[in-house]
Amino acid sequence: METFLTHPLGPKMKERAKLDDLVVSTRIRLARNVKDTVFSPVLSKEGERQLCDRLEGRLRGLKGFEYLHMRDYDEVTRQALMEKHLISPAVAANEESAVFLSEDETISVLINEEDHLRIQTLLPGYQVKEAFELANQVDALCAESLSYAFDEQLGYLTTCPSNIGTGLRASVMLHLPGLTLTGRISPILRELRKLGYTIRGRYGEGSDAAGRLFQLSNQRTLGSHESQLLADFMEVTEQVIQAERHAREELIAHRQEELEDRFYRSYGILRYAKLLSSTEAIERLSDLHLASDLGILSDWSPPKFHELIVRLQSGFLQKHFGKTLSTQERDRERATLVRRTLDQGLV
Ligand SMILES: Nc1ncnc2c1ncn2[C@@H]1O[C@H](COP(=O)(O)OP(=O)(O)OP(=O)(O)O)[C@@H](O)[C@H]1O
């Protein structure tokens, strides 16, 4: 387990990837259930325990994976795994859930989530096809050892009707400061929802879009082939990316002075603040990331932004210091960490 928490980004996530100035990461998840076993909402704690044991036994053959049962880890450790997006908030909250995690941190097979199995692949930047390909391979490997709940007409059977069919959710985490600062984000989000897409904050359902980071994913999973769902999803994502690029051009053309003022204020706060909440830190770092993309500030590459926004989270911070910290202590340590990082890397 400890190897997963030594660095805020896994080996793959540290690599530069397609469109990573705008797209932090791409995630594919497949919802699957085991045949002849009651579904998660009515499964007792004992039932969950048995399912974990059963699936651990069946999937033990997966090479290059580590099996982590949540009851073996404290809350802070589980939170830090969640902050790296390696497990979902639902798994972090349930001691009778588990994950098979690949060594390179790109694949998580979650057990006892909303469905018995959630296969997740996570890649840096914009890599929808690559993440889907990887998820498909893991799905095929799991299917060699398991019988899935599947209906000839409906497809994969899932706990929530919205996932029936392919069980596929494709998602991109987008950094959209241009659309946010020009005020265009709200109508775009409304339109996307009308088109059947879901917009969530950084930790998925129920989380907010701190740092102008938005997760865009498909809502519909039934009635289309996976390739069509993905093609539609990519078309919509690319339109949002275009709109963000236009918004940034407009900001630079008409509001450069105002923008520069904003960036240097954020830089000043990050450079000199004694206490920083995670929300404020992410908002200000988002300004620096945009400034770098627009050529106003140098030496602020996307990996540095992505790494810091994980490193500064409460769970990861406490893991780093090896002890529980009060809110004020966390704010102090966060501010110190940001100051040190800026000392090293930004002029
Ligand atoms: N593109 C992404 N990059 C990184 N993490 C992501 C991405 N999309 C989703 N996640 C993470 O996956 C976890 C689950 O997200 P979310 O609740 O949106 O999806 P889900 O569990 O597949 O959906 P649902 O249960 O509603 O069908 C969250 O921790 C979220 O941060």
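Starting afresh in each chain, residues are numbered from 1 along the sequence in its written order. For this predicted model, a pLDDT threshold of at least 70 governs which residues receive local features, and a threshold of 80 or more governs which side-chain atom pairs are given and counted, while totals over whole chains, interfaces and linings are taken from all residues. Side-chain metrics rest on all non-hydrogen atoms present in the structure, leaving aside hydrogens and water.

Enquirer: I tried to follow the site of the ligand on my own but got confused; where do I start?
Expert: The environment of the ligand is made up of 19 residues, and the closest members are Ser25, Arg29, Ser171, Arg200 and Arg202. The contact in question runs from an oxygen atom of the ligand to an N or O atom on the side chain of Arg27, over 3.0 Å. Here a nitrogen atom of the ligand and a side-chain polar atom of Ser171 are 2.6 Å apart. Contact with the protein chains removes 95% of the 630 Å² of surface that the ligand exposes when unbound. Taken together, the elements giving at least two residues each to the shell around the ligand come down to strand 1 (23-32), strand 5 (117-124) and strand 8 (168-175). Counting residues per element, the shell around the ligand draws most heavily on strand 8, at four residues. Three classes are used, and their members are as follows: Ala, Val, Leu, Ile, Met, Phe, Trp, Tyr, Cys and Pro are nonpolar, Asp, Glu, Lys and Arg are charged, and the others, Gly among them, are polar. A class-by-class count of the residues in the shell around the ligand yields five nonpolar, six polar and eight charged. Distances are taken per atom, and a residue is near a molecule or strand as soon as one of its heavy atoms is within 4 Å of it. Polar contact criterion, stated in full: a pair of N or O atoms within 3.5 Å, where within protein one must be able to donate a hydrogen and the other to accept it, and residues adjacent in sequence count only if both atoms are side-chain atoms. Using a 1.4 Å probe, the Shrake-Rupley method yields the accessible areas, and only the shown protein chains count as cover for residues. Elements are defined by DSSP. Helices are runs of H or I of four residues or more, strands are runs of E of two residues or more, and each kind is numbered from the N terminus.

Enquirer: When you look at the side chain of Arg248 in this model, what are you seeing that I'm missing?
Expert: Tracing the chain through its elements places Arg248 in helix 7 (residues 226-254). By relative accessible area, which is 5% here, Arg248 ends up buried. Within polar-contact distance, the side chain of Arg248 engages the side chain of Glu244 at 2.6 Å. In terms of polar contacts, Arg248 uses its side chain to reach the side chain of Asp293, at 3.0 Å. Three labels apply to residues, based on accessible area from a 1.4 Å probe with only protein chains included: buried if under 20% of the type maximum, exposed if over 50%, partly exposed otherwise in between.

Enquirer: What's the story with the sheet that holds strand 9 (residues 197-200) in this structure? I'm lost.
Expert: Strands belonging to one sheet form pairs held by backbone hydrogen bonds; the direction of such a pair is parallel or antiparallel. If you trace the eight strands from one edge of the open sheet to the other, you get 2-3-4-5-1-8-10-9, paired in antiparallel fashion. Each edge of the sheet is formed by a strand with only one pairing partner; in this case those strands are strand 2 (65-69) and strand 9. Going across the sheet, the axis of each strand differs from the next one's by a mean of 20 degrees, ignoring polarity. Relative to strand 10 (residues 213-218), strand 9 runs antiparallel, the two being bridged by four bridges. From the neighbouring strand, Thr198 faces strand 10, where its bridge partner is Ser217. Packed on one face of the sheet, helix 1 (residues 45-59) meets strand 2, strand 3 (98-102), strand 4 (107-111) and strand 5 and runs near 25 degrees to strand 3. The pairing criterion is simple: DSSP has to find at least two bridges between the two strands. Axis lines are fitted to C-alpha atoms, over the contacting stretch for helices. Their N-to-C directions set the angle, which ranges from 0 to 180 degrees. Every residue pair with non-hydrogen atoms within 4.5 Å of one another is taken to be in contact.

Enquirer: Where do I start with the pairing of strand 2 in this structure?
Expert: The side chains of a regular strand alternate between both faces of the sheet. Of all the five residues making up strand 2, four are buried; the element is thus mostly covered by neighbouring parts of the structure. Pairing geometry for strand 2 and strand 3, over five bridges, is antiparallel. The partner of Glu66 across the bridge, within strand 3, is Leu101.

Enquirer: Just to check I follow, could you spell out the packing of helix 8 (residues 256-272) against helix 9 (residues 278-293) for this structure?
Expert: Working note: a packed helix pair is described by the angle between its axes plus the distance between those axes. Relative orientation of the contacting elements helix 8 and helix 9 amounts to 130 degrees, with a least axis distance of 9 Å. Considered as vectors, helix 8 and helix 9 are oriented oblique to each other. Classified by chirality, the crossing of helix 9 by helix 8 is left-handed. Seen from helix 8, the contacting residues are Arg262, Phe263, Ser266, Tyr267, Ile269 and Leu270; seen from helix 9, they are Glu280, Ala281, Arg284, Leu285, Asp287, Leu288, Leu290 and Ala291. Here is the rule for angles: anything less than 35 degrees is roughly parallel, anything more than 145 is roughly antiparallel, 65 through 115 is roughly perpendicular, and the remaining ranges are oblique. Crossing handedness: left-handed means the near helix sits turned counterclockwise from the far one by under a right angle, and right-handed means the same turn made clockwise.

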